[in-house]
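Secondary and tertiary structure notes
Here is how the chains run, residue by residue.
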Amino acid sequence: MSKPSGNAVLVRILDREYQVACPPEERAALQDAAKQLDERMRDIRASGHVIGLERIAVMAALNLSHELIQSSKSGAANATPDLTPLLSRLDKTLAQFE
């Protein structure tokens, strides 16, 4: 495992490493998000219904987006952090591996 440079954080998702630029104060949140995404993607892959890294990632993103929307509708929006910048960085990083 190579060490990330500067403000980058190295995260591992489905046995792949991704280096993501991240301010120091957001590192813990990024690592938590990567862990949650990894767990979701592993669950989807284990179900056997979805094959291929890109499709698994899309299904995980859709599931997480749906849950975020549902929590916003139920009034829990104030307790939910804005994940848009984090998801954008993850999307850019994953696009490098396509």
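Right, let's walk through the structure included here. This is a predicted model, so every value here is computed, not measured.

What counts as what
Per chain, the residues get numbers from 1 upward, laid out in the order the sequence is written. Thresholds applied to this predicted model are a pLDDT of at least 70 for local features of residues and 80 or more for the giving and counting of side-chain atom pairs; totals over whole chains, interfaces and linings are not thresholded and use all residues. No hydrogens and no water enter the side-chain calculation; it runs on all heavy atoms of the structure. A carboxyl oxygen of Asp or Glu within 4 Å of a side-chain nitrogen of Lys or Arg is what we treat as a salt bridge. Put simply, DSSP marks the helices as runs of H or I at least four residues long and the strands as runs of E at least two long, and each gets a number from the N terminus on. Each residue gets one of three labels from its accessible area relative to the maximum for its type: buried under 20%, exposed over 50%, partly exposed in between, using a 1.4 Å probe on protein chains only.

1. A look at the pattern of salt bridges
Here the structure, examined in full by the defined rule, presents 4 salt bridges. In this structure, Asp15 and Arg42 form a salt bridge, with 2.9 Å as the shortest nitrogen-oxygen distance. Residue Asp15 is located in the loop between β1 (8-13) and β2 (16-21), and its partner Arg42 is located in helix α1 (residues 27-47); the two are separated by 27 residues in the primary sequence. The class for Asp15 is partly exposed, based on a relative accessible area of 47%. On the basis of relative accessibility, which here comes to 29%, the residue Arg42 falls in the partly exposed class. A salt bridge links Arg42 to Asp38; its shortest N-O distance comes to 2.9 Å. Of this pair, Arg42 and Asp38 both sit in helix α1, 4 residues apart, which is roughly one turn of the helix. Judged by its relative accessible area of 14%, Asp38 falls in the buried class.

Any functional reading would require information that these geometric values do not contain.
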